[in-house]
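Chain by chain, the residues run as shown.
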Amino acid sequence: MTLNSVVETDFPEEFVEEMEKTDDVLPKKIDANPENVEKGLAKLVLTLIELIRKLLEKQAMRRVEASSLSEEEIERVGETLMKLENKMKELKQIFGLKDEELNLNLGPLGDLM
Amino acid sequence: MKLYTYGIIDSSKQINEPIYGLEGTCVYNIFYCDIGAVISECTEPVQNNTKGNVLAHEEVVERLMEHFTVLPVRFHTVFDGRDNLLSMMQSYYKDFRDNLDRVRNKVEFGIKVIWPSDKIKEHITNAYKKNDKKVSVPGNSSNKRFMREKFEKYKLDEEFEKKANKFINVMDMFFSKFAAEKKLKKLKTEDLLFDAVYLVKKDDQDNFREAFEHIKGPHANFKFLFSGPWPPYNFVILPKNNDLLKDSRQKDLFDKVIQHQDLVGADTI
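Since we're looking at a predicted model, the values are computed, not measured. (Residues numbered from 1 in each chain as written. Chains lettered and ligands numbered in written order. Predicted model: local features only at pLDDT ≥ 70, side-chain atom pairs only at ≥ 80, totals over all residues.)

## Remarks on the overall build of chain B
Phase 1: Along the backbone of chain B there are 7 helices and 9 strands.
Phase 2: For chain B, the residues scored as buried account for 34% of the 269 residues in total.
Phase 3: Restricting the contact set of chain B to residue pairs at least 6 apart, pairs at least 24 apart contribute 74%. (Helix = DSSP H or I, 4+ residues; strand = E, 2+ residues; numbered from the N terminus. Buried ≥ 20, exposed ≤ 12 C-beta atoms within 10 Å, placed from the backbone. Contact = placed C-beta atoms within 7 Å.)

Below you can see the structure in the form of structure tokens.
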């Protein structure tokens, strides 16, 4: 215990666990050693693709909500989003990446996603 | 001789009582104009973020807080001699003065809240299913089923965020009453609803504490963490583009202070 400051909680383990989850998912520097340079770059590229995919999906949902898509358009958008999601799953599997790893810490702006 | 730095204080006088820092070294003040950098001498840079070292650093800062206004410096900030330290003090003098004036007679408190996200989601899902007027995606093709599932998730997430904002706004309203400044992050994870630091006048400490107890009372299924009073780790603002500090070890003098506080907090737990 420090001199004056106190940390009071009945659930220390839960808070430690949550704080560990919020640690930066990407290292401060790109770890570009020969063994994992591919994975490091894939992580960066897939993070950006994932961001664009989520933006597209959100925009589509807003249009569904506003009933501004015809049935045909919903069909086509659904097909596109489903294929995109499947392709992302495939790529994540190839490079051994988990969903929570696809993020970037933007400092004072918080996390990208 | 390398100088391990603990903080910047609003005094150009020597510290009256003996304070011991990392590895039992004597702590003293090197002043520039009317402010000072509190340091201890070390031969090798301290590399280990051990619990003992972090707590020793924190203890020095807290001792200083009893007598001075302190801008706590990041753990493991080492200057290569007195000239380098004074050069840094000269470069940042105005910023240090401004920050010292801002945080004078104030301390930092941290509040974190975990909420039962699973139960909240369950409740939202049940309410959504019962809602007859909801917009949905008709049709039974795989593409439309995919869109329907996505839309339901979108609506549930939206409702989840609305509920979170409602709780956060109420809590923040109580704490902000007694705070001069704040930094608040919502839903850092699905469970970690509220993660905030508040800069509170020393005279308002008891009121702030009372506000916390008041909020905690009616939320029996929420988990709370209260910490402080801390030095104002999260409220020191320095210009990012100041290129006067060439040494990379010293460039981010006050950066990542959150990590420092987390480290102290987590270790203290």
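## Observations regarding the interface of chain B and chain A
Phase 1: At the junction of the two partners, chain B supplies 37 residues and chain A supplies 32 residues.
Phase 2: Residue contributions to the side of chain B that touches chain A peak at 8 residues, all from strand 9 (residues 223–230) of chain B.
Phase 3: Taken together, the residues that form the side of chain B that touches chain A break down as 17 nonpolar, 8 polar and 12 charged.
Phase 4: Two elements, strand 1 (residues 6–8) of chain A and strand 9 of chain B, share 3 bridges in a ladder whose sense is antiparallel. Looking at the pairing, Glu8(A) lines up with Phe226(B) of strand 9 of chain B. (Nonpolar A, V, L, I, M, F, W, Y, C, P; charged D, E, K, R; others polar. Pairing = 2+ DSSP bridges.)

## Notes on the pairing of strand 8 (residues 192–201) of chain B
Residue and element names in this part refer to chain B.
Phase 1: Of all 10 residues making up strand 8, 8 are buried, and the element is well covered by its neighbours.
Phase 2: Note that strand 6 (residues 106–114) and strand 8 share 9 bridges and pair antiparallel. For Lys 106, the partnering residue across the bridge sits in strand 8 and is Lys 201.
Phase 3: With 7 bridges joining them, strand 7 (residues 179–186) and strand 8 adopt antiparallel strand pairing. Bridged to Glu 181 within strand 8 is Leu 199.
Phase 4: Where strand 7 folds back onto strand 8 in an antiparallel hairpin, the turn is made up of 5 residues, including Leu 187, whose phi is positive at roughly 45°.

## Focus: helix 1 (residues 12–21) of chain A
All names here are of chain A.
Phase 1: Of the residues making up helix 1, those classed as buried are Phe 15, Glu 18 and Met 19. When helix 1 is viewed along its axis, its buried side chains cluster within an angular range of 100° and face the same direction. Opposite its buried face, helix 1 presents the exposed residues Glu 13 and Glu 20, each directed more than 90 degrees away. (Arc of directions from axis to C-beta.)

## Points about the sheet that holds strand 8 of chain B
Paired through backbone hydrogen bonds, the strands of a sheet run either parallel or antiparallel to each other.
Phase 1: Taken in spatial order, the 5 strands make up an open sheet running 1(A)-9(B)-6(B)-8(B)-7(B), and their pairing is antiparallel. The sheet terminates laterally at strand 1 of chain A together with strand 7 of chain B, the two strands that pair on one side only. Each strand axis lies, on average, 10° off the axis of its neighbour in the sheet, ignoring direction. (Axes fitted to C-alpha atoms, helices over the stretch in contact; angles between N-to-C directions.)

## A few points about the nonpolar core
Phase 1: Judged by nonpolar contacts, the single largest core of 29 residues is most densely connected at Tyr6(B), Ile8(B), Ile9(B), Val38(B), Leu64(B) and Val70(B).
Phase 2: For this core, the secondary structure elements donating two or more residues are strand 1 (2–9), strand 3 (35–42), helix 1 (51–65), strand 4 (70–72) and helix 2 (82–103) of chain B.
Phase 3: Ranked by the residues each element gives to this core, the list is headed by helix 2 of chain B, at 6 residues.
Phase 4: Setting aside anything within four residues of it in sequence, one finds Ile9(B) in contact with Asn29(B), Ile35(B), Gly36(B), Val38(B), Leu64(B), Phe68(B), Thr69(B) and Val70(B).
Phase 5: Counting residues in each nonpolar core, the second largest holds 28 residues, with Val7(A), Val200(B), Phe208(B) and Ala211(B) among its members. (Core = buried A, V, L, I, M, F, W, Y, C linked by C-beta atoms within 7 Å.)

## Here's the deal with unusual backbone geometry
Residues and elements named next belong to chain B.
Phase 1: Residue Pro 229 is reached from Gly 228 by a cis peptide bond, and omega for that bond is 0°.
Phase 2: Mapping Pro 229 onto the fold places it in strand 9.
Phase 3: The backbone of Glu 23 sits at a positive phi, close to 55°, despite the residue not being glycine.
Phase 4: By the element assignment, Glu 23 lies in the loop between strand 1 and strand 2 (27–32).
Phase 5: You can call Glu 23 exposed: it has 12 C-beta atoms within 10 Å.
Phase 6: With phi around 45°, Leu 187 is a residue other than glycine that occupies positive phi space.

Keep in mind these numbers describe shape, not what the thing actually does.
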